[in-house]
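# Summary of the model geometry
These are the residues of each chain, in order.
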Amino acid sequence: MHPVVEREQLSPNVVRLVVEAARIAKVRRPGQFVIVRKGPGGERIPLTIADNDPVAGTITLMIQAIGASTTELTSLQVGETIQDVAGPLGRETDLIASGHAVCVGGGVGTAVLLPIVKALAENGVKVTSVIGGRSKEWVILEPELRACGDVVVCTDDGSYGRHGFVTQALKDLLDAGGVDAVYAIGPVPMMKAVSEMTKPYDVETTVSLNAIMVDGTGMCGGCRVTIAGETKYACVDGPEFNAHDVNFQELADRLTTYRSFEQQALARQADQEAKGACATTEVKA
Amino acid sequence: MTEPASQVPAEADGAAIPDKTPLTNKERMTIGRVSMPEQEGEVRAQNFGEVNLGLTYQLAMMEAERCIQCPKPFCVDGCPVRVDIPRFIKFLRDGDLPSAAESLLGDNALPCVTGRVCPQESQCEGVCIRTKKGDSVAIGYLERFVADWALQNLDQLPKAHPVLTGKKVGIVGSGPAGLTAAGELAKKGHDVTVFEAFHAPGGVLIYGIPEFRLPKDIVQAEVDRLVAEGVKIEVDAIIGRTYTVPELREEYDALFLAVGAGLPVFMNVPGENFKGVYSANEYLTRVNLMGAWSPTSATPILHGQRVVVVGGGNVAMDAVRTARRLGAAEATIVYRRSEEELPARKEEVHHAKDEGVRFELLTAPEEVIGDENRWVTGLRVSSMELGEPDKSGRRRPVKIEGSEHIIGCDLVVVAIGTRANPLLTGSAPELKVNEYGYMIADEYGMTSMPGVFAGGDIVRGAATVILAMGDGKRSAQAIDSWLNGVWPPVSADAKEPEKAEAAAG
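Being a predicted model, the structure only gives us computed values, none of them experimental. (Residues numbered from 1 in each chain as written. Chains lettered and ligands numbered in written order. Predicted model: local features only at pLDDT ≥ 70, side-chain atom pairs only at ≥ 80, totals over all residues.)

Attention now moves to the overall build of chain A. Broken down by element type, chain A carries nine helices and 16 strands. The C-alpha atoms of chain A give a radius of gyration of 19 Å, which matches the 19 Å a tight globule of 285 residues would have. Taking all 285 residues of chain A together, 48% fall into the buried category. Sequence-distant contacts, at least 24 apart, represent 63% of the contacts inside chain A between residues at least 6 apart. (Helix = DSSP H or I, 4+ residues; strand = E, 2+ residues; numbered from the N terminus. Rg over C-alpha atoms; globule rule 2.2 N^0.38 Å. Buried ≥ 20, exposed ≤ 12 C-beta atoms within 10 Å, placed from the backbone. Contact = placed C-beta atoms within 7 Å.)

Following this line, the structure appears as structure tokens:
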């Protein structure tokens, strides 16, 4: 059992949870993830470890409520528990040791990016973070990233920071020159756009792939992705890969496999909540 | 309807059965082999309930009378864990179920499991003396009967109170090899901890073998019995990530690595990453471990209407029969050799046929076909014929030119085997592995790291539950000897008798 010791709402659908997991907190490296299962009958969900505190024995998870299972996790309160937290899984990030890194985060991807930004800054690398969201309320972790270097914020509606997509801001940085590496984490279309943008500049670009997984140990092969024409498993060979080798079209496509199930599950959840609300009303009446 | 084994008549309790005149061997030879009561094919293809219902008390007693108690029983030699088969059958025949159970459990840590999933026809039953003139004794059915009785009457079995040794043994993997070793070592008084990567123990018994062949509450009960004997289980522990082998070696006096052969093998044909192509590992794990057979499961599964399963082993049969139960109108096995070479247990093939599974034999996949949204619509295949025997002794399938055709389907499950997972070995460079990544162990199961033993699929390659259990049992003997400072072990039980032959399994 893993109690939640801290909870913070970062954006309308992203929650930060600090969870007890002493062993993982001790050995985890940036870029690695865990698989969590809330309780009996629950789904196994891969989540990047955003931070760890080996002394307190806790890890930090940033969760975006998209499906029924992630919504269950984001509604957890302090004192409640997650039954299973398995990890750390995946390979650690290949960090550059010096120079200038541009780190691009979109949506909840910014949370996945944070540990990489921190580790780079600790290495003495100059970091410029470029983060985006639909509008101001969807921009997360700006202060934490600012503690590690420059931050450029972009919003789709111009309600905060630059008006427009992160790729435009990235282009300006690439044109200015001196960028040694780019790390980009976010929705597949964003990572694809970043990859296409950096390629002509010949800048080494790393992306983190959020493929569908069950076990996270290489056993099911559900997370297979095509890298430079070869099948790889995101869970054990990744989750991070050289962006210029990734078949993003295939990844985007495979991520839609369970779309209709996800919609049904959300509808069921909403239905149950509605029924629950009715039951409460009846009791009150 | 048949009555479950739990409802045995009152006289079956203890040894209080009235004296009866023993049958002569000649009389025994006239009794025909019992048939296993089972759910009807068409009915069971619609549910996940167990197919084999188990023998009734009367059927079991009648079958027990068929054993002629050979003085030199071949069946024991045919059993990878060397269960003293005539002994437990004799107790059963005498109506002494507690003694039958004690005898069986003393030899086999997971008899409820092996009674259901062992390929008896090629082991104990295959060498039974009665096969010379007809059918063997139904040893597997009797094992299951006694084991199921034991599970429900634990209070009638003597409790073991081993002297605690204070020695700590770490076991990696809670599949059949790991659980068997855990049981044996706990019996000898060692302090045993089993590490499991998944959230539930049992390994392939939980994620792989379906409910209709091995109910999950049976596996859980076997695990619970080990826990009651003092075995500790740590789930969510991935060795190679959560802990490394050298770390564990420091903390434990000996280790047994039994992680299985975890990586799925794919066909390596175009279109394999289309939506609607699963490895058997993923398909079965979603259904069995994650419970996706239930419509309200949090874990989704694609329900194909026309499902093709590529492969001919037990895993392929499990997958194709699962597809039928998930509502597939058409469920087809595509296998590149002929029926004779199907590696699956005979009973599984027979059950699959009863359930309406189609067999496209001498057929090999060439390409997965998909629509514009990259959903599977078919499998392009070629017909094969059998040529000269290959290294395995089986005749090699050869493609018939111009025989290509498409089998229409909306789901493809690939069940053509597994290979070694490098996750654990990658964290311990001292562990020697062969060119395929399987661990190298000596005749006592010891790896290149002193005090670190290995067994099951990670040593022998994909094999069976019972061979893995045999490794677990032998390695436990060897580990016990190692812990007692006796090396090499004196006991013959610690040594693999025919290593070369087992490797071919």
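Let us now look at the interface of chain B and chain A. Between chain B and chain A, the residue contacts involve 25 residues of the former and 32 residues of the latter. Counting only elements with at least two residues in the side of chain B that touches chain A, the list comes to strand E5 (263–264) and helix H13 (280–287) of chain B. With four residues, H13(B) is the largest single contributor of residues to the side of chain B that touches chain A. Tallied by class, residues from the side of chain B that touches chain A come to nine nonpolar, 10 polar and six charged. (Nonpolar A, V, L, I, M, F, W, Y, C, P; charged D, E, K, R; others polar.)

All names here are of chain A. Per the domain assignment, the segments making up chain A are domain 1 (2–89) and domain 2 (100–254). Listed per partner, the contact involves 18 residues of domain 1 and 18 residues of domain 2. Elements that contribute at least two residues to the side of domain 1 that touches domain 2 include exactly strand E1 (2–11), strand E3 (33–37), strand E4 (45–53), strand E5 (58–64) and strand E7 (84–89). For the side of domain 1 that touches domain 2, the leading source of residues is E4, giving five residues. Of the residues in the side of domain 1 that touches domain 2, the class split is 12 nonpolar, four polar and two charged. (Domains from an automatic or database assignment.)

Residues and elements named next belong to chain B. With parallel pairing, five strands are arranged side by side in an open sheet as E3-E2-E1-E4-E16. Taken across any chain shown, the strands that pair with only one partner, and hence form the sheet edges, are strand E3 (232–234) and strand E16 (452–454). On average, adjacent strands in this sheet sit at an angle of 20° to one another, irrespective of strand direction. Packing against the sheet, helix H9 (residues 176–187) makes contact with strand E1 (168–172), strand E2 (191–195) and strand E4 (254–257), and its axis sits at approximately 170° to E2. The strands touched by helix H18 (residues 465–483) within the sheet are E1, E4 and E16, with E4 carrying the most contacts at an inclination of about 165°. (Pairing = 2+ DSSP bridges. Axes fitted to C-alpha atoms, helices over the stretch in contact; angles between N-to-C directions.)

This brings us to the packing of H13(B) against helix H14 (residues 314–325) of chain B. When two helices pack together, their arrangement is given by the angle between the helix axes and the distance between those axes. All names here are of chain B. Packing of H13 against H14 leaves a shortest axis separation of 10 Å and a crossing angle of 50°. The angle between the axes of H13 and H14 places the two elements in the oblique class. Where H13 crosses over H14, the handedness of that crossing is left-handed. Contacts from Ala280, Tyr283, Leu284 and Val287 in H13 reach Val315, Ala316, Asp318, Ala319 and Thr322 in H14. Split by residue class, the contact of H13 with H14 holds seven nonpolar, one polar and one charged. (Parallel < 35°, antiparallel > 145°, perpendicular 65-115°, else oblique. Left-handed = near helix turned anticlockwise from the far one by under 90°.)

This part covers the sheet that holds strand E6 (residues 81–82) of chain A. Residues and elements named next belong to chain A. Here we have seven strands laid out as an open sheet, ordered E6-E1-E2-E5-E4-E3-E7, and antiparallel in their pairing. Either end of the sheet is taken by a strand with one partner, and the two such strands are E6 and E7. Pairing of E1 with strand E2 (residues 14–20), which is carried by six bridges, proceeds in the antiparallel orientation. Bridging from a neighbouring strand, Glu8 pairs with Arg16 of E2.

Residues and elements named next belong to chain A. Along the chain, Pro12 turns up in the loop between E1 and E2. Between the C-alpha atoms of Pro12 and Leu47, which are 35 residues apart in sequence, the distance is 18 Å. Residues within four places of Pro12 in sequence aside, it is in contact with Glu137 and Trp138.

Residues and elements named next belong to chain B. Val146, Leu257, Val309, Ala319, Val412, Val413 and Phe453 are the most contacted members of the largest nonpolar core, which totals 235 residues. Looking at which element gives the most residues to this core, the answer is H18, with 10 residues. Apart from residues lying up to four places away in sequence, Val413 is in contact with Tyr278, Ala280, Tyr283, Val307, Val309 and Ala319. (Core = buried A, V, L, I, M, F, W, Y, C linked by C-beta atoms within 7 Å.)

Another aspect to go through is the domain arrangement of chain B. The parts lose accessible area when they come together, and the size of an interface is often stated as this lost area. Residues and elements named next belong to chain B. For chain B, the assigned domains read domain 1 (10–156), domain 2 (168–262 + 420–504) and domain 3 (265–417). Once you take the C-alpha centre of each, domain 1 and domain 3 turn out to be 34 Å apart. If you look at the interface, domain 1 gives nine residues, while domain 3 gives nine residues. Residue composition of the side of domain 1 that touches domain 3, grouped by class: four nonpolar, three polar and two charged.

Bringing the packing of helix H5 (residues 85–93) of chain B against helix H8 (residues 139–152) of chain B into the picture now. Residues and elements named next belong to chain B. Remark: H5 packs on H8, axes separated minimally by 11 Å, with the N-to-C direction vectors making an angle of 60°. With respect to H8, the element H5 is oriented oblique. As for the relative orientation of H5 and H8, their crossing is left-handed in sense. Between H5 and H8, the residues in contact are Ile85, Phe88, Ile89 and Leu92 and Ile139, Leu142 and Val146, respectively. Split into classes, the residues belonging to the contact of H5 with H8 amount to seven nonpolar, no polar and no charged.

Right, let's talk about the pairing of E7(A) for a bit. Regular strands show a simple pattern: their side chains alternate between the two faces of the sheet. Residues and elements named next belong to chain A. Of all the six residues making up E7, six are buried; the element is thus mostly covered by neighbouring parts of the structure. Relative to E7, E3 runs antiparallel, the two sharing four bridges. Note that in E7 the partner of Ile35 across the bridge is Ala86.

Further remarks concern the confidence of the model for chain A. Residues at a pLDDT of 70 or more form 96% of chain A, whose mean pLDDT is 92. Within the model, pLDDT remains below 50 along residues 278–285 of chain A, and this stretch shows zero contacts once partners closer than five positions in the same chain are excluded. (pLDDT = per-residue confidence, 0-100.)

Another aspect to go through is helix H5 (residues 166–176) of chain A. Residues and elements named next belong to chain A. Of all the positions in H5, only Val166, Thr167, Ala169, Leu170 and Leu173 are classed as buried. All buried residues of H5 fall inside an arc of 160° around its axis, so they share one side. Turned more than 90 degrees away from the buried face of H5 sit Asp172 and Asp175, all of them exposed. Looking at the packing, one finds that the buried side of H5 touches strand E8 (100–106), strand E9 (126–133), strand E10 (150–155), strand E11 (162–163) and helix H6 (188–198). Just downstream of H5 lies Gly177, where phi reads positive at about 85°. (Arc of directions from axis to C-beta.)

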